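Residue-level structural notes
Residues per chain are reported as follows:
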Amino acid sequence: MKLGIVCPIGNLKEHGYHHISDTVLQSFCDFADKVLLISTTETPGTINNKNPKIQLISTNETWFKDNRYSMEGLVNNCNIGMKILIDDGFDVVMFLSINQYIPSTNFENIKNYIQDFLEQDKPHTYLYKMYQYISDLYDADTRLPWILNLHHNTSVFAADSLIISKKLWFLTYKRTEKIRNADYKKYNNIAIVDVVGELTKEEAARLWTFVGDGQGYYHKKLYADNNGNYEHSQMLKQFKTKLQRRNISSKPLDIYGKIISDGSSLNYISHELFTGTRIKP
């Protein structure tokens, strides 16, 4: 089984991802056969991890037009990465972000899960996601249709979803498989981890202003004041609301999670999300 990871990246340092990206990429390289980083900018920043499995794709075709955030551009980049893996004879692609890592304790379970899915000859299966806030790990509560069987080649990545095509005689039917939120605790042992808040307030302001100005995920201005400008307190409010709905997992952090937790700075907004005794001085 040849397994590749496609991960879109922007300016890592400008938006704060450089604090954890080396650890994230190490988890990718330890797990997969190839890691494609698809850059949305001509200046993605320094990628310190020099593992030969990592391939950076950065061309006029992958860069945001006028350096303006675009969901269409992200979708296009994921499909570019998928096409590269197909041409290279890969069997499976996983779509991941630069603030997500694959727990070493889940490697074997995830590979067995993917192998079973391939043997069943399904076009796609699900990626389950846990969340990490500093040293706390939360039970899986998100399911994404982002593990694809590249031998089918009937699906394309879309905004927070997957578009699946099926031919019947001369007609082609399409359906959209979207991200879902529910109690997926039973999938903790095949889940990846999304790291939240490991960036400074200033970096968060640059990131969400960039995304909001581009009318991306947060085009409804959830993190903005009445004038449409980034408002840090609004962002914290939204994240705290999500945090309160989640359950702390009994599953311990793996080696990558511990590295990220140990490197967490009191200057990062992850520490602003907590109240009480869980904050470590």
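This structure is a prediction, so every number in the text was calculated from the model and none was measured.

The rules behind each value
- Residues numbered from 1 in each chain as written.
- Predicted model: local features only at pLDDT ≥ 70, side-chain atom pairs only at ≥ 80, totals over all residues.
- Heavy atoms only, no water.
- Phe/Tyr/Trp six-rings, centres within 6.5 Å; stacked < 30°, edge-to-face > 60°.
- Helix = DSSP H or I, 4+ residues; strand = E, 2+ residues; numbered from the N terminus.
- Buried < 20%, exposed > 50% of the residue type's maximum accessible area, 1.4 Å probe, protein only.
- Lys NZ or Arg CZ within 6 Å of the ring centre and 35° of its normal.
- Pairing = 2+ DSSP bridges.
- Salt bridge = Lys/Arg side-chain N within 4 Å of Asp/Glu carboxyl O.
- Arc of directions from axis to C-beta.
- Contact = heavy atoms within 4.5 Å.
- Core = buried A, V, L, I, M, F, W, Y, C linked by side-chain atoms within 4.5 Å.
- Axes fitted to C-alpha atoms, helices over the stretch in contact; angles between N-to-C directions.
- Parallel < 35°, antiparallel > 145°, perpendicular 65-115°, else oblique.
- Left-handed = near helix turned anticlockwise from the far one by under 90°.
- Nonpolar A, V, L, I, M, F, W, Y, C, P; charged D, E, K, R; others polar.

Taken as a whole and assessed by the stated rule, the structure comprises 10 aromatic pairs. Pairing Tyr-128 with Tyr-184 gives two aromatic rings, centres 5.3 Å apart and planes at 65°, and the pair type is edge-to-face. One end of the pair, Tyr-128, is in strand β6 (residues 124–133); the other, Tyr-184, is in the loop between β11 (180–181) and β12 (191–195), with 56 residues separating them in the sequence. A single burial state applies to Tyr-128 and to Tyr-184, both of which are buried. Over the face of the ring belonging to Phe-31 we find Lys-111, whose NZ or CZ atom lies 5.2 Å from the ring centre. Stacked on the ring of Tyr-126, the Lys or Arg Arg-143 has its end atom at 3.8 Å from the ring centre.

Turning to the pairing of strand β2 (residues 34–39), a few remarks are in order. When you tally the buried positions in β2, you get six out of six residues, the bulk of the element. Side chains Lys-34, Leu-36 and Ile-38 project from β2 onto one buried face, and the interleaved Val-35, Leu-37 and Ser-39 project onto a second face that is buried too. Examined bridge by bridge, strand β1 (residues 3–9) and β2 share six bridges and lie parallel to one another. Along β2, the bridge assignment pairs Cys-7 with Leu-37. Of the pairings in the sheet, the one linking β2 to strand β3 (residues 54–57) comprises four bridges and is parallel in character. Each residue of the ladder has a partner; that of Leu-36, found in β3, is Gln-55.

On to the pattern of salt bridges, then. A full pass over the atoms with the stated rule returns five salt bridges. Its salt-bridge partner being Arg-246, residue Asp-141 comes within 2.9 Å of it at the nearest N-O pair. Linking Asp-141 in strand β7 (residues 136–149) with Arg-246 in the loop between α5 (232–244) and α6 (255–262), this pair joins segments that are 105 residues apart in sequence. You'll find Asp-141 and Arg-246 in the same group, each marked buried.

Looking now at α6. Inspection of α6 places Tyr-256, Gly-257, Ile-260 and Ser-261 among the buried residues, and these make up the whole buried set. The arc that holds the buried residues of α6, viewed along the axis, is 135°, so those residues lie on one side. Of the exposed residues in α6, those oriented more than 90 degrees away from the buried face are Ile-255 and Asp-262. Looking at the buried positions of α6, the neighbouring elements they touch are α1 (21–31), β5 (100–101), α3 (107–119), β6 and β12.

A word on the nonpolar core. The biggest cluster of nonpolar side chains holds 58 residues, and the ones touching the most others in it are Phe-28, Met-94, Ile-102 and Ile-114. Ignoring any residue separated from it by four or fewer positions in sequence, one finds Phe-28 in contact with Ile-5, Cys-7, Val-35, Leu-96, Ser-97, Gln-100, Tyr-101 and Ile-102.

With that settled, the discussion passes to the packing of α1 against α3. Helix packing for two helices is described by the angle between their axes and how far apart those axes are. Two numbers describe how α1 lies on α3: the axes approach to 11 Å, and their chain directions differ by 55°. As far as their axial angle goes, α3 and α1 are oblique. Between α1 and α3 lies a crossing whose hand is right-handed. Of α3, the residues touching α1 (which contributes Ser-27, Asp-30 and Phe-31) are Phe-107, Ile-110 and Lys-111. Its residues assigned to classes, the contact of α1 with α3 shows three nonpolar, one polar and two charged.

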